[in-house]
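Chain by chain, the residues:
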Amino acid sequence: MIRTVISTALVAFVVLFAPAAQAQRGEKGIPPVEAVTAKHGMVVSQEARATRIGVEILKQGGNAVDAAVATGFALAVTYPRAGNIGGGGFMVIHLADGKRATTIDYRETAPAATTRTTYLDANGEADPRKSRDLGTAIGVPGTVAGLALAHERYGSGRFTLADLIRPSIPLARKGIPVETDIADSLPGVAARLGRWPSSAKIFMRPVGSVLREGDTLIQGDLADTLEAIAEKGPRAFYEGPIADKIAAAVQKAGGLMTTDDLRDYRPKERAPVRGSYRGFDIVSMPPPSSGGVLLIAMLNMLEAYDLKPGDARTLHLMTEVMKRAYADRSVFLGDPDFVDAPVTGLTARGYADALRATIDPKRATRAGLFNPVNPLRFESENTTHYSVMDRDGNAVSNTYTLNFGYGVGLVAEGTGILLNNELDDFAAKPGAPNAFGLVGFHDANAPGGRKRPLSSMTPTIVLKDGKPVIVTGSPGGSRIITTVLQILVRTLDFGQSVDAATQAPRIHHQWQPDVVRVEPGLDPALIGDLEARGHNVVEARPGTAANTIVMTPEGLVGAADSRTRGALAAGH
Ligand code: DON
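Residues numbered from 1 in each chain as written. Predicted model: local features only at pLDDT ≥ 70, side-chain atom pairs only at ≥ 80, totals over all residues. Heavy atoms only, no water.

Novice: Sorry, what's going on with the layout of surface pockets here?
Specialist: Over the atoms, a rolling probe the size of a water molecule traces out where space has been left empty. Considered as a void within the structure, the second largest pocket measures approximately 250 Å³ in volume. Together, 15 residues line the second largest pocket, and Thr491, Gln496, Val550, Met551 and Thr552 are the ones closest to its centre. Residue composition of the lining of the second largest pocket, grouped by class: 9 nonpolar, 5 polar and 1 charged. (1 Å grid on protein atoms, 1.4 Å probe; cavity = no way out; pocket = protein on both sides within 12 Å on 5 of 7 lines; lining within 4 Å. Points joined across faces, edges and corners; volume = space filled by probe spheres on them. Nonpolar A, V, L, I, M, F, W, Y, C, P; charged D, E, K, R; others polar.)

Take a look at the structure:
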């Protein structure tokens, strides 16, 4: 029998992350996912207006990077819970001309004054308020610089940055109807946003309740900010009046960010991590995300097995490789500018062989160091991923976030910019779980000035003979990496269509806590079999949203995840 863990102490947290409408939808299983086909190019994002803006750029001759940049700015207006200019993320780019790939790391950095004790209370214990709720949680945003860098280095040259920002400005200025995801997600964050008058005046009615279906979300200050970036370029975000307002807002909320921190922020171009799986090449995000390294490590372990759909042994083996990969994450990975993460070793086949040798094909290995934290608290879709392909075979896989839905909840007064609480992704203290239950030991992911916290975001491109055949990624905190793993196993091993792979219920294990989370809809016989093998199975609300494009003989086929309302795959 499935053990559903309920803890009243965490009800507030669950409400924060789990709008009622979605919980109800989840109980019935995952809603149908529709496949969409296109000949020339495609965008799959979590919000329809942003998808259409990206597709329009493709139609006008823009490449995948141009479309990705336009979609990124649009989501900052139309998908405020995770689309952002006040957060950060990662972009993986495959360039058709030189048949090469690169990545842009635009992860937030900690303010220079951050130290190892910033997130501790007076007794030296981790204080989640400091890393999640107060100004100290806020990292220096990377999105504007990251998108601008992608455009400058890899755009087609046919569009200025202003051309790519401009379509979003009227959506902010004139407003958009409150519907689908905004209507679903706002009630859950009313208390968070209501703490700050600058946020309340945008997202709440004058009487104090959040905006509802049928209201209009108007973001005039955000329109001004976007206009300033369009006119003056990305530095307008990092220096001058906008930066002054961000730093002032963060400091007023108890944070450490200074105008120097903003001025000194730089996105980084990094070589992707690479692996191969059943004849396909995997290109994904290196540290400071753990996503690519773990994905490749798990695929390396799995490649030796025959994996089948509807098969308990397959689910057991996948769970076992997840455990092992996440255990390594907690020790070895962090910001590569500060720690020497053993990426080559962790993604080596020999290492995978050694780990595989510890897997019992019949029985669950106890995860050890079991830390009883409530799995329900890790569920949310508060990041967002979009995938883009163009007619020339360029591909972009982009995941970005404010961390929690609507970030820390603070809009910097006069800017319209919702700020992140990304610094909770540091290990506040060895062994103290972050909001997703992820733990870190030793030094790799300790907080530190100008350091980037370790991420799980896994924007990924799969190539066959040098050409992109799958572009994918997902939100979901710690569950991002296993979601991408399952999209790849379902398409590459099981031969499933992208819509079937997207809709299928997912499983997740992250080493600690020692539980397998399964989404609603998984065959109860399979769950029973997993339990018989010694796994602790708990039911998990759907909390991920993969947005994927695959290249097929019939053309591009995209699937927008139905786990949140309003996602759209579209092409031309
Ligand atoms: O970078 C990370 O791994 C997290 N900050 C992502 C947060 C997330 O996915 C929230 N929503 N699901």
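Novice: Looking at this structure, I do not really get the nonpolar core. What am I missing?
Specialist: Nonpolar side chains tend to gather and get buried jointly when the protein is soluble and globular. Of all hydrophobic cores here, the largest spans 90 residues; its most connected members are Ile85, Phe237 and Ile246. Residues in contact with isoleucine 85, not counting those within four places in the same chain, are Phe73, Ala76, Pro141, Thr143, Val144, Leu222, Thr225, Leu226, Ile229, Phe237 and Ile417. If you look at the next biggest cluster of nonpolar residues, it comprises 61 residues, including Ala325, Ala352, Leu355 and Leu454. (Core = buried A, V, L, I, M, F, W, Y, C linked by side-chain atoms within 4.5 Å. Buried < 20%, exposed > 50% of the residue type's maximum accessible area, 1.4 Å probe, protein only. Contact = heavy atoms within 4.5 Å.)

Novice: I tried to follow the pairing of strand β10 (residues 383-389) on my own but got confused; where do I start?
Specialist: Regular strands show a simple pattern: their side chains alternate between the two faces of the sheet. Counting buried positions along β10 yields 7 of 7 residues, so the element is predominantly enclosed. The two faces of β10 match: Thr383, His385, Ser387 and Met389 on one face and Thr384, Tyr386 and Val388 on the other face are all buried. Where β10 and strand β11 (residues 395-401) come together, 7 bridges link them in antiparallel fashion. Bridge pairing in β11 links serine 387 to serine 397. A loop of 5 residues connects β10 with β11, the two strands running antiparallel in sequence, and glycine 393 in this loop sits at a positive phi of about 90°. (Helix = DSSP H or I, 4+ residues; strand = E, 2+ residues; numbered from the N terminus. Pairing = 2+ DSSP bridges.)

Novice: Explain the pattern of salt bridges here, please?
Specialist: Oppositely charged side chains may form a pair once their charged atoms are brought near each other. Taken as a whole, this structure holds 38 salt bridges when the rule is applied. For arginine 132, the salt bridge identified is with aspartate 424, shortest N-O distance 3.0 Å. Within this pair, whereas arginine 132 is found in helix α5 (residues 128-132), its partner aspartate 424 is found in the loop between β13 (417-418) and β14 (460-464), the two being separated by 292 residues in sequence. Aspartate 424 matches arginine 132 in its accessibility class, with the two residues each being buried. Among the charged side chains, a network of salt bridges with common partners joins Asp105, Lys268, Arg270, Asp337 and Arg452. (Salt bridge = Lys/Arg side-chain N within 4 Å of Asp/Glu carboxyl O.)

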